[in-house]
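The residues making up each chain are set out below.
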Amino acid sequence: MLKKLCTLLLLLSMALLTGCGKEERPKLIMVTNAEFPPYEYIHHSEIDGIDPAIIRRIAEKLGYDLEIHNMNFDSVIAAVQTGKGDIAASGITVTEDRKKKVNFTLPYVISEQVIIVSKTSAITGKDDLKKLRIGVQHGTTGDTYVAANIREPERYANGALAVAALKAGKLDAVVIDREPGEVYVTRHSDLKLMNEPLTSEEYAFAINKRNQLLLKQVNEQLKAMKESGELSRIIQHYRATANAEAIKNQAVHNGFFSKFKESFQLNFIKNKRYMYLLEGFGITLYISFFAVIFGVIIGFMVAVIRATNIMTGKLKILDRLCRVYLTVIRGTPVVVQLLIIYFVIFGSVDIDKVLVAVIAFSINSGAYVAEIIRGGIMSIDRGQMEAGRSLGLSYNQTMWEVILPQALKNVLPALGNEFIVLLKETSIAGYIALQDLTKAGDIIRSQTYDAFMPLMAVALIYLAVVMLLSWMLNRLERRLKKNE
Amino acid sequence: MSDIVFDIRDLVKDFDGLKAVNGASTTIKRGEAVFIVGPSGSGKSTFLRCLILLETPDDGDIIFDGKSILDGRIKLNKFRQKVGMVFQHFNLFPNLTIRENITLAPVKTRQMTLTQAREKADALLKRIGLYEKRHAYPAQLSGGQKQRVAIVRALAMNPEVLLFDEPTSALDPEMVGEVLSLMKELASEGMTMVVVTHEIGFAAEVADRLIFMDHGKIVAEGPVKAIMENPDNERIKEFFSKVL
Ligand SMILES: Nc1ncnc2c1ncn2[C@@H]1O[C@H](COP(=O)(O)OP(=O)(O)O)[C@@H](O)[C@H]1O
Ligand SMILES: [Mg+2]
């Protein structure tokens, strides 16, 4: 509420400043996980699908400016809870657990969870599933239902990955929503869908518990759209499009090369999909570059504080703080740090996600850099400091002119290694819905239902950058060695 | 300036119960070359390091130029600019060239401008015949060359006194001579020096006074000949019989 007020004030003041009389409308932020066709997916860099279409229509009628934020499915409900989004529309099934966290609108779809198996499978119904390997998309109703009623499933980040695992023989069955399930079996002729649904469920939109007004508005619009038949028209339209697309993409199997070429065309050339990789690569480089710079600055300061405390006994309090920082950062996974910084620390601030990632990775990398540099400082012979001090140089002067240049040179290989690790670690940026290189692969996969090509492309790009970095570091090291 | 550079009174340095220096008293006069000898572990290095406060004494007092350096009122860095130290392992700065090693301290402590410091460094390097090496790095020098550079690095600060802690112990035998002859030159020019060494022959030649230390105490002090020829103590006799 406060946020909306602030936005309004900001817009108002901007309007006043520019003096243009253009009427500004309030913003409505929809959060979704655009990897769930036909409900939501990315098409020509735009998020499209059943959910965006319905919400767009409602926003239009209510006079909101719609903004759609893409993120992981596990984050969608949390985003509404913390106020990062106003409405979650992501093919969300209504469950008792979720009802405790958010309010649901009227259902707009009754969906079913179905079972996909290989064409040759002997499975005939859900009773056969008990002892088998079942794949689901993490955080979906299928996940919850299978876990509660059948057995622990294997959880994948999205449905395409689960289907790829099924095709690779790593799973015996995949439990998934009926619509995407139908798309998958159309696309992959070696798969079939069991007609009897595992369970059926209702899809609805989720809204923050405190926002009763929006709930009422959306429900009224939904009711009207149902009565006018507009709702089912939208849903039918997208289902038909998805099926047509799947049929078009159906692979014609003849020979490895033409298969490869066809798949290459589909994954990278068609619809300019290579743009996802290019843009994602840009984001990955951007985050890595700035995180390295700030990480080194943080690490450098922490290392000097720690080394000074060890050598002289001074800076006790700062040293304590640094040790807490090192313990916490090195003792927790970077994914968790990223999520905490995004959802908790900047939970109620409207801040650029790239900036959040730079901050999180800088803080994380700083801890490792600090310990590397501290090791470098401690490895310098004590006699160097004594020689500096005996000449009348101060501690700081000796540190700066004599110790640090030697220490940095000694730890250069370790630092270079840390940068390489950092570059690869940024691949988790997708957790806060950043479209980095890894996420770009996910997006392509969610459109083409092909796991191999996008993953290989992503892997090759990372590999190329890492090899280039290693080569540059080697050259730098050799040049510095010349002075010895 | 007074005649006495260091007046050391009942100096004690305690390393967790081990008294490395245990009540040593002596004076170092201006222009004097004082040599300290004694068995290994007798506290010679610790004594010397106390004089430039690389170790903080636990008891006693050190008067430098008439003022105590232990009452907490001196400016430590200013004091150390007046006392030079030469280490067993040279401790040149490997990240700097030979000339930068020499100019770093005079420039950073604002004793000289960079140009002045370079002039001074060049003159000192010419004196020891290493002017051609001024842009080389320490790793490119022999041990004897390194130690001579370390000596002129200390000299560049125009110290009142130079401390040497076994300056030739880490050198190959053929390089000892060049370092000793530079030290001898300095002594003959009237440089105040305190030298810890095992080179008894060199001490006999150069020292104005010899100090013999054992178990952290000064057990004999006086002209070299007198101590060597009339050792009034079994430990001294034993020591000289071993090193000669
Ligand atoms: N930093 C230190 N910590 C603990 N003990 C030390 C330290 N420095 C020297 N000592 C001890 O003090 C004694 C005297 O050492 P030192 O002054 O180096 O003797 P010398 O130079 O005559 O060989 C030795 O027993 C040595 O082990
Ligand atoms: Mg010693």
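About the cut-offs
Residues numbered from 1 in each chain as written. Chains lettered and ligands numbered in written order. Predicted model: local features only at pLDDT ≥ 70, side-chain atom pairs only at ≥ 80, totals over all residues. Heavy atoms only, no water. Contact = heavy atoms within 4.5 Å. Buried area = accessible area lost by both parts, 1.4 Å probe. Salt bridge = Lys/Arg side-chain N within 4 Å of Asp/Glu carboxyl O. Polar contact = N/O pair within 3.5 Å; in protein donor to acceptor, adjacent residues only side chain to side chain. Helix = DSSP H or I, 4+ residues; strand = E, 2+ residues; numbered from the N terminus. Buried < 20%, exposed > 50% of the residue type's maximum accessible area, 1.4 Å probe, protein only. Pairing = 2+ DSSP bridges. Core = buried A, V, L, I, M, F, W, Y, C linked by side-chain atoms within 4.5 Å. Near = heavy atom within 4 Å. Areas by Shrake-Rupley, 256 points an atom, 1.4 Å probe, with all protein chains shown as cover. Nonpolar A, V, L, I, M, F, W, Y, C, P; charged D, E, K, R; others polar. Patch = residues over 30% accessible without salt bridge, like charges linked within 9 Å, V, L, I, M, F, W, Y side chains within 5 Å. Axes fitted to C-alpha atoms, helices over the stretch in contact; angles between N-to-C directions. Parallel < 35°, antiparallel > 145°, perpendicular 65-115°, else oblique. Phe/Tyr/Trp six-rings, centres within 6.5 Å; stacked < 30°, edge-to-face > 60°. Domains from an automatic or database assignment.

## Some remarks on the interface of chain A and chain B
Residue-level contacts link 20 residues of chain A with 24 residues of chain B. With both chains or domains summed, chain A and chain B bury close to 1,900 Å², and 58% of this area falls on carbon and sulfur atoms. A per-residue breakdown of the area chain A buries against chain B is headed by A:Ser390, A:Leu391 and A:Glu401, which together make up 30% of the total. Across the contact surface, chain A and chain B share 2 salt bridges. Of the charged contacts, one joins B:Lys108 and A:Glu401 as a salt bridge, the two residues approaching to 3.2 Å between their closest N and O atoms. Counting across the chain A and chain B interface gives 8 residue pairs in polar contact (both at pLDDT 80 or more). Where the side of chain A that touches chain B is concerned, the elements lending two or more residues are helix H15 (382–390) and helix H16 (395–425) of chain A. Per-element accounting of the side of chain A that touches chain B gives the leading share, 8 residues, to H15(A).

## Regarding the pairing of strand S1 (residues 27–32) of chain A
Residues and elements named next belong to chain A. Summarising burial for S1: 5 of the 6 residues are buried, a large majority. Sheet analysis places S1 next to strand S6 (residues 87–88), joined by 2 bridges and oriented parallel. Note on S6: the bridge partner recorded for methionine 30 is isoleucine 87.

## A look at the sheet that holds strand S2 (residues 35–36) of chain A
All names here are of chain A. Strand order across the open sheet formed by 3 strands is S2-S3-S4, with antiparallel pairing between neighbours. Whereas interior strands pair on both sides, the edge strands pair on one side only; in this sheet they are S2 and strand S4 (46–48). Where S2 and strand S3 (residues 40–43) come together, 2 bridges link them in antiparallel fashion. Looking across to S3, one finds that phenylalanine 36 is bridged to glutamate 40.

## Regarding the nonpolar core
Residue and element names in this part refer to chain B. Ranked by size, the top nonpolar core spans 55 residues in total, and within it Phe6, Phe47 and Leu163 carry the most contacts. Every residue in contact with phenylalanine 6, bar those within four places of it in the chain, is listed here: Thr26, Thr27, Ile28, Leu51, Ile62, Ile63, Phe64, Phe79, Val83 and Val161. Among the nonpolar cores identified, the runner-up in size contains 49 residues, and Val37, Ala154, Phe164 and Leu186 belong to it.

## Details of the site of ligand 1
Residues and elements named next belong to chain B. The local shell around ligand 1 consists of Phe15, Leu18, Ala20, Pro39, Ser40, Gly41, Ser42, Gly43, Lys44, Ser45 and Thr46. The contact in question runs from an oxygen atom of ligand 1 to an N or O atom on the backbone of glycine 41, over 2.7 Å. In isolation ligand 1 offers 560 Å² of accessible surface; the protein chains occlude 60% of this area. Those elements that provide at least two residues to the shell around ligand 1 are strand S2 (18–29) and helix H1 (44–51). Ranked by residues supplied to the shell around ligand 1, first place goes to H1 with 3 residues. Of the residues assigned to the shell around ligand 1, the class counts are 4 nonpolar, 6 polar and 1 charged.

## Overview of a nonpolar patch on the surface
Residue and element names in this part refer to chain A. Taken together, the side chains of Phe256, Phe257, Phe260, Phe264, Ile269, Phe452 and Met456 make up a nonpolar region of the molecular surface, amounting to roughly 770 Å² of accessible area. Elements with a minimum of two residues in the nonpolar patch: helix H10 (256–269) and helix H18 (452–481). As for its placement among the helices and strands, phenylalanine 256 is situated in helix H10.

## A closer look at the sheet that holds strand S11 (residues 173–177) of chain A
Strand-to-strand pairing in sheets goes through backbone hydrogen bonds, with the strands running parallel or antiparallel. Residues and elements named next belong to chain A. One open sheet holds the 5 strands; their spatial order is S10-S9-S11-S8-S12, and the pairing between them is mixed. With one partner strand each, in any of the chains shown, strand S10 (154–156) and strand S12 (191–203) form the two edges of the open sheet. Strand-to-strand twist of the sheet, defined as the mean angle between neighbouring strand axes without regard to direction, takes the value 25°. Pairing of strand S8 (residues 109–118) with S11 involves 5 bridges; the strand directions are antiparallel. Looking at S11, one finds that isoleucine 115 is bridged to valine 175. With respect to the sheet, helix H5 (residues 141–149) is in contact with S8, strand S9 (134–137), S10, S11 and S12, its orientation differing from that of S9 by roughly 145°. Where helix H6 (residues 159–167) meets the sheet, its contacts fall on S8, S9, S10, S11 and S12, and the angle it forms with S11 comes to roughly 155°.

## Description of the packing of H16(A) against H18(A)
Residues and elements named next belong to chain A. Two elements in contact, H16 and H18, have axes separated by 10 Å at closest approach and are oriented at 170°. Considering the angle they form, H16 stands roughly antiparallel to H18. Contacts from Lys409, Leu412, Pro413, Gly416, Ile420, Leu423 and Lys424 of H16 reach H18 at Tyr462, Val465, Val466, Leu469, Ser470, Leu473, Leu476, Glu477 and Leu480. Here the residues of the contact of H16 with H18 are counted per class, giving 11 nonpolar, 2 polar and 3 charged.

## Overview of the pattern of salt bridges
Side-chain pairs of opposite charge can arise where the charged atoms are in close proximity. In total, this model carries 41 salt bridges over all chains according to the counting rule given. We note a salt bridge from A:Glu182 to A:Arg178, for which the minimum N-O separation is 3.5 Å. Remark: A:Arg178 and A:Glu182 occur in helix H7 (residues 178–187); sequence separation between them is 4 residues, near one turn of the helix. You can call A:Glu182 partly exposed: its relative accessible area is 32%. Its relative accessible area of 15% is what places A:Arg178 among the buried residues. The residue B:Glu55 makes a salt bridge to B:Arg49 at a minimum N-O spacing of 3.0 Å. On the accessibility criterion, B:Arg49 (10% relative accessible area) is buried. A single network of salt bridges, built from pairs that share partners, joins A:Arg57, A:Glu60, A:Lys61 and A:Glu230.

## Thoughts on the environment of B:Leu182
Residues and elements named next belong to chain B. Within the secondary structure, leucine 182 sits in helix H6 (residues 173–188). In this structure leucine 182 comes out as buried when scored by relative accessible area, which is 4%. As for leucine 182 and isoleucine 128, which are separated by 54 residues in sequence, their C-alpha atoms are 7.9 Å apart. Setting aside residues no more than four positions away along its own chain, leucine 182 makes contact with Arg127, Ile128, Arg148 and Ile151.

## Some details on the packing of aromatic side chains
Inspection of the entire model under this criterion finds 15 aromatic pairs over all chains. Here the aromatic rings of A:Phe289 and A:Phe290 are separated by 5.2 Å at their centres, their planes lie at 85°, and the arrangement is edge-to-face. Where B:Phe212 meets B:Phe239, the ring centres are 5.2 Å apart and the plane angle is 80°; that geometry is what we call edge-to-face. Taken together, the positions of B:Phe212 in strand S9 (residues 209–214) and B:Phe239 in helix H9 (residues 234–243) put the pair 27 residues apart, joining distant regions of the chain.

## Focus on H1(B)
When you tally the buried positions in H1(B), you get 7 out of 8 residues, the bulk of the element. Among the residues of H1(B), B:Lys44, B:Thr46, B:Phe47, B:Leu48, B:Arg49, B:Cys50 and B:Leu51 are the ones counted as buried.

## Focus on the domain arrangement of chain A
How big an interface is tends to be reported as the loss of accessible area on association of its parts. Residues and elements named next belong to chain A. Segmentation of chain A into domains returns domain 1 (24–106 + 206–245), domain 2 (109–203) and domain 3 (274–483). When each unit is reduced to the centre of its C-alpha atoms, the spacing between domain 1 and domain 2 is 24 Å. Contact residues are listed per partner, giving 19 residues for domain 1 and 15 residues for domain 2. Summed over both sides, the interface of domain 1 with domain 2 buries roughly 1,400 Å², with 55% coming from carbon and sulfur.

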